[in-house]
Every structure is written in structure tokens, then in C-alpha cells.
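If you want the building blocks of each chain, they are given just below.
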Amino acid sequence: MCGIFGIEGHEEAAYFTYLGLYALQHRGQESAGLVSWDEAQMHVERGMGEVADIFKPRVLSRLEGRRAIGHTRYSTSGTSVLNNAQPVVVNTSMGPLAIVHNGNLPDSHLVRQRLEKEGSIFQTTSDTEVILHLMARNPRERIVDSLLSALQEVQGAYSLLLVTENGLIAARDPYGFRPLLMAECQGGTAFASESCAFDLLEATRVEELQPGEVVVVQGDNIERYHLPPVHKPSRCAFEHVYFARPDSNIFGDSVSSVRTAMGRLLAEESPANAEIVVPVPDSGLFPALGFSKKSGIPFELGLIRNHYVGRTFIQPQQSIRDFGVRVKLNPVRQLIEGKKVVLVDDSIVRGTTSRKIVRMVRDAGAKEIHLRISSPPTRWPCHYGIDTPRREELIAARWELDEICGYIEADSLAYLSLEGLLGCLSGEPASYCTACWNGDYRVPMTADPRQGRLFPISTEDADR
Ligand code: 5GP
Ligand code: SF4
Ligand code: MG
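Residues numbered from 1 in each chain as written. Chains lettered and ligands numbered in written order. Predicted model: local features only at pLDDT ≥ 70, side-chain atom pairs only at ≥ 80, totals over all residues. Heavy atoms only, no water.

1. A look at the nonpolar core
Then, number 1: In this structure, Phe5, Phe55 and Leu421 are the most contacted members of the largest nonpolar core, which totals 73 residues.
Then, number 2: At 7 residues, helix α1 (residues 13-23) tops the list of elements feeding residues into this core.
Then, number 3: Ignoring any residue separated from it by four or fewer positions in sequence, one finds Leu421 in contact with Ala237, Val241, Met262, Leu265, Ser374, Ser375, Pro376, Leu416 and Trp437.
Then, number 4: In this structure, Met94, Val130, Leu132 and Ile169 belong to the second largest nonpolar core, which totals 30 residues. (Core = buried A, V, L, I, M, F, W, Y, C linked by side-chain atoms within 4.5 Å. Buried < 20%, exposed > 50% of the residue type's maximum accessible area, 1.4 Å probe, protein only. Helix = DSSP H or I, 4+ residues; strand = E, 2+ residues; numbered from the N terminus. Contact = heavy atoms within 4.5 Å.)

Written out as C-alpha cells, the structure is:
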């Protein structure tokens, strides 16, 4: 998962991009980068860590030009190295090209192997670079033609922004896995993964790129192209469950409204006899609100999150039980003690964090704990840019509901149904990807996607 932002045609392009990345920080905290074009050369800055750590005033003032793109990267593998930070910048016979990418190309290693055999030398281990190599090997008079042909050689999930000498290009894959929006922004044209990045910049005329749409902007001139359509679009439904910020609008729906509706439906499908509804912050907030509204059970902020916990902290010398989770979350005993509690969260991946949270709430004196999850059981790994562990590590892939409930030590456990979830979204049910719940992988792959190895998220990383 990653966040991307770009703008064409504004004096302060790099500064706006920096602000856009700030708003998209939740989509990735491993590294961030920004590139600008000043009509003569590219200026690049990339670093490990969060946006605030990387871009200082001196750095930003160096990133001149009226065209810029940026990226926040989510940790997708153990090898989190600066070299894999984006933007990726290369020189080609069509001039310098810079790219940022949100998504994943499941079969890109095959294209990469072919290109390497034919002499290409890759700078990074990321799949994004494959697109640049395909472009470099097939130069055209108009750069967009080179991109359009490269994109027909790869399949998968991508929302892309490119800086070229002749403009900024935005592209969304024909499946439409990841969101990508466009807006007018103080005389310029901006693009972002989520609409929340436009709000601070007072952008207007916000619209979402269509699946397969490619937009080229140079100054005031905007041109639109379309990649060949696929049978069914596959917008990632999990964006609405977990990834996107609640103040964003994506895929034509308000994320907070969708999450609240999921909570309401959860209360209808799986009611609980309890005295308070407590969200697991932050992802459980809106579904818990919905659950409370529908059930009439009072909403209480019984778990407080420490927002200042960075990626790593020093482990204590002697062991403190459930240290990792307890640094981030702490129960409010006065609210919980002696109560029957409905605990609401968005998803269970491995189950390890959920188990610790249930224990913590139990230790704070809860009489009963009824865990309600606002999405269906996660049974299959994601190959389209969200970091889920291997299939064996997904608790719901191995166990039945009652076994999971036993492991988590809750008094009851229920998930939202898949039909219910899809009913909370305004689009056609068939137009969303639901593979992590039902194994319906829409992008053809050479390997059986259900067997594939994906990158583990560490327990310490869970729910940042
Ligand atoms: P678990 O009990 O599976 O260890 O952790 C569940 C928590 O992980 C939930 O609160 C959920 O919000 C969070 N979560 C779900 N998907 C992801 C993900 O892709 N990355 C991270 N870091 N957390 C996730
Ligand atoms: Fe989203 Fe799940 Fe599909 Fe991945 S598998 S794109 S997380 S819906
Ligand atoms: Mg969570």
C-alpha cells in the first residue's frame, strides 16, 4: 500500500506535493520521496521514515519547478531499503522519466526476467521499475504512447504518476484496484490517492479517474486516453474497510459513511447483549459508531490510542506482557469495569493483536467481551498491493469461527457478511475486488494466486 500525489502547473509544486503526502501518510510510513521538474532537470529527494522527517525547508526549496510527484511507501518486504524508495528516476532516449506507483504487479518478475535476459539493468527490486524499462525499450514520439504500450504488457494493480519533460501523466489500471483522483488546485491540476489530500489545498472539481484512464497534463492542456477495458473492474473493497482515511471519498463513496453503514449492518446481522460499544482505535471507530446507533447501546471510548508511537521502540529489559500493543493502546478502566462490552474492529489478520486487545479489556474488568468485525474473515492473501501474510498465517484460513473465538478469548465473535459489506457500497457488487475474503482473483496469473507467497506484516506493525 502506498500514497501518491502530484501536481502540474503551480509555482509551489513541491510544497503542495509535500502537503499532499502529509495527508496520505497513513498509506505508508516506511519511506517517502518527491521529484520536481524545472524545465531543465529533475530534482529528487527520497528518504526513510515519515514525511516530516525527510522534508525540511532547505530540502523543499531545492525542489524547484511547476511539476512534481511524490510517494509514501508502505513496508512491503523485509528489505526496506532506501534504494526501493520512490520516485524511481531514469534517463531514456525520450528524456528523463520519474514514476511513483501505488499497487502491485503480481507477474512482473516474469517480465523482469525477460528484460534482464535481454540486457536491462535494474536499479531497484520493486515492480514499478519494470514499467520504466518497458517504456525505455519502446520509445515513441509521444511519451504517452510509449506508456500506453508498456501498460499493455503488464497486468495488475497500479495507480501511477509520471513526470516527463512534456508533462505529468496519471494512469489507473483497467481493473481500477486502487483509487486515483484528479482536481483543480489553485490554477494547477493535482492528482492524489485519496480526496483527503485535496482538502487542505482547497482543490475544486474533484473527480476520480476511470479504471484504465490515462491523463496527460501539460500546463493548462489536459488529454485523456483509455487502456483496453477488462471484463470486470475490481475496485479494492478493503480500501473502504481499512486503508483509506475516513474523511476521504473514494470509488464514489464517503469512507466514513460506508464504515458507519458497515457497523449498523453488523449490529443487525450479529447483535450482542451488552452495555457499551467500544471501538478499537482508529480503524474500529466508525463501525463502532454505526453499531451503537443501530443497537442503541451507548458508545464509549474505552480504549485510548497513543498517537506518538513511532515505528520502533526499545523493548523493555524484563518482559512486560503484551508490550507492543500496550504501548499503543490503553483501556479506560472506569468505563469498562464490570461491563458487558461489544468491541468493534475492522478486520482480523493473524489474530495476535486482537487476542492481546481482548486480554487487555478483560484485565480492565470487562464482564463479557463480544468482538464484532466490520468485514468478512480474511482467508486469502492480497496480490494487489496490500500487505497480507502468507495464507498459513491468516487465522481465518486455518480455523473455523468458534476456534478463532477461542484463540482470541472473546465471549463471542462475529464478522460482517460479504453480501452485507458489498451492500454498503454504492457500486455494482461485481465491480469490487473481494479476493481476500472469497479467493476470487480477477487478474490472471501464471502461478496459482492462492498459493503465492506474500510479505508478512509484523505484529508490531499491525494497525499503525
Ligand atoms: P491481528 O489481530 O490480526 O493481529 O490484527 C488486527 C488488526 O490489524 C486490526 O485492528 C486491523 O485494523 C489491523 N490491520 C488490518 N489489515 C492490516 C494491514 O494490512 N496492515 C496493518 N499494519 N494492520 C492491519
Ligand atoms: Fe483489496 Fe482484498 Fe482485493 Fe487485495 S484482495 S485488492 S485487499 S479486496
Ligand atoms: Mg485496527
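2. Concerning the site of ligand 1
Then, number 1: Ligand 1 sits among 21 residues. The nearest are Tyr74, Asp345, Asp346, Val349 and Ser354.
Then, number 2: Asp346 is positioned such that a nitrogen or oxygen atom in its side chain is 2.4 Å from an oxygen atom of ligand 1.
Then, number 3: Note that an oxygen atom of ligand 1 is positioned 2.8 Å from one of the backbone N or O atoms of Gly351.
Then, number 4: Taken by itself ligand 1 offers 520 Å² of open surface, and the protein chains cover 98% of this.
Then, number 5: Listing elements by their share of the shell around ligand 1, those giving two or more residues are α8 (237-243) and α13 (352-363). (Near = heavy atom within 4 Å. Polar contact = N/O pair within 3.5 Å; in protein donor to acceptor, adjacent residues only side chain to side chain. Areas by Shrake-Rupley, 256 points an atom, 1.4 Å probe, with all protein chains shown as cover.)

3. A look at the domain arrangement of the protein
Then, number 1: In terms of domain boundaries, the protein breaks down into domain 1 (3-230) and domain 2 (239-463).
Then, number 2: A separation of 31 Å is found between the C-alpha centroids of domain 1 and domain 2.
Then, number 3: Contacts between the two partners involve 29 residues from domain 1 and, on the opposite side, 26 residues from domain 2.
Then, number 4: Summing both sides of the interface, domain 1 and domain 2 together bury roughly 2,300 Å²; the carbon and sulfur share of this comes to 54%.
Then, number 5: For domain 1, the biggest contributors to the area lost against domain 2 are Tyr74, Phe177 and Arg178; these three give 21% of the whole.
Then, number 6: For the interface between domain 1 and domain 2, the tally reads 2 salt bridges. (Domains from an automatic or database assignment. Buried area = accessible area lost by both parts, 1.4 Å probe. Salt bridge = Lys/Arg side-chain N within 4 Å of Asp/Glu carboxyl O.)

4. Section: the sheet that holds strand β11 (residues 204-208)
Then, number 1: The strand order across the open sheet built from 7 strands is β3-β2-β4-β1-β10-β9-β11, with neighbouring strands paired in antiparallel fashion. Among the strands making up the open sheet, the edge pair consists of β3 (42-48) and β11. Along the sheet, successive strands turn relative to each other by an average axial angle of 10 degrees, direction set aside.
Then, number 2: Packed on one face of the sheet, α1 meets β1 (2-8), β2 (31-37), β4 (67-73) and β9 (181-185) and runs near 25 degrees to β4. (Pairing = 2+ DSSP bridges. Axes fitted to C-alpha atoms, helices over the stretch in contact; angles between N-to-C directions.)

5. Some points on the sheet that holds strand β5 (residues 88-92)
The strands making up a sheet are joined through hydrogen bonds of the backbone, oriented either antiparallel or parallel.
Then, number 1: Strands sit in the order β5-β6-β7-β8-β12-β13 across an open sheet of 6 strands; the sheet is antiparallel. The open sheet has two free edges, formed respectively by β5 and β13 (221-226), since each of these has just one partner strand. Pairs of neighbouring strands in the sheet enclose a mean axial angle of 20 degrees, with direction left out of account.
Then, number 2: Strand contacts of helix α5 (residues 128-136): β5, β6 (95-104) and β7 (157-164), with the helix running at about 140 degrees to β6, the strand carrying the most contacts.
Then, number 3: The sheet contacts of helix α6 (residues 143-151) involve β6, β7, β8 (167-172), β12 (213-218) and β13, and relative to β7 the element is tilted by about 160 degrees.

6. Concerning the pairing of β6
Then, number 1: Within β6, 10 of the 10 residues are buried, which leaves the element mostly enclosed by the surrounding structure.
Then, number 2: Sheet topology places β5 next to β6; 5 bridges connect them, and they run antiparallel. Bridge assignment links Val90 to a residue of β6, and that residue is Leu97.
Then, number 3: What sits between the antiparallel neighbours β5 and β6 is a turn of 2 residues.

7. Examining the site of ligand 2
Then, number 1: Neighbouring ligand 2 are Phe177, Arg178, Cys236, Ala237, Phe238, Cys382, Tyr384, Ile386, Cys433, Ala435 and Cys436.
Then, number 2: If you list the elements that add at least two residues to the shell around ligand 2, you get α8 and α17 (435-438).
Then, number 3: By residue class, the composition of the shell around ligand 2 is 10 nonpolar, no polar and 1 charged. (Nonpolar A, V, L, I, M, F, W, Y, C, P; charged D, E, K, R; others polar.)

8. Quick notes on α5
Then, number 1: Within α5, 8 of the 9 residues are buried, leaving the element largely enclosed by the surrounding structure.
Then, number 2: Turning to α5, its buried residues number three or more, namely Thr128, Glu129, Val130, Ile131, Leu132, His133, Leu134 and Met135.
Then, number 3: On the buried face of α5, the contacting elements are β5, β6, α4 (108-117), α6 and β7.

9. Things to note about α1
Then, number 1: Of all 11 residues that make up α1, 9 are buried, and the element is covered over most of its length.
Then, number 2: What α1 keeps buried is the set Ala13, Ala14, Phe16, Thr17, Tyr18, Leu19, Gly20, Leu21 and Ala23.

10. A look at the packing of α5 against α6
Then, number 1: Closest axis-to-axis distance for the α5/α6 pair is 8 Å, and the angle between their directions is 120 degrees. When the axis of α5 is compared with that of α6, the two are oblique. α6 is crossed by α5, and the crossing has right-handed handedness. Contacts between α5 and α6 involve Ile131, Leu134 and Met135 from the former and Ile143, Ser146, Leu147, Ala150 and Leu151 from the latter.
Then, number 2: Class assignment for the residues of the contact of α5 with α6 results in 7 nonpolar, 1 polar and no charged. (Parallel < 35°, antiparallel > 145°, perpendicular 65-115°, else oblique. Left-handed = near helix turned anticlockwise from the far one by under 90°.)

11. Side note on the side chain of Ser193
Then, number 1: Residue placement: Ser193 occurs in the loop between β10 (188-192) and α7 (196-199).
Then, number 2: Take Ser193: its relative accessible area is 0%, and that puts it in the buried class.
Then, number 3: There is a polar contact of 2.8 Å between the side chain of Ser193 and the backbone nitrogen of Ile4.
Then, number 4: In contact with Ser193, other than residues within four places in its own chain, are Cys2, Gly3, Ile4, Leu24, Arg27, Asn102, Pro179, Leu180, Leu181 and Ile250.

12. Regarding the packing of α4 against α5
Then, number 1: Packing of α4 against α5 leaves a shortest axis separation of 10 Å and a crossing angle of 45 degrees. With respect to each other, α4 and α5 are oriented oblique. α5 is crossed by α4, and the crossing has left-handed handedness. Counted together, Ser108, Val111, Arg112, Arg114 and Leu115 of α4 and Val130, His133 and Leu134 of α5 form the full contact between these two elements.
Then, number 2: Residue composition of the contact of α4 with α5, by class: 4 nonpolar, 2 polar and 2 charged.

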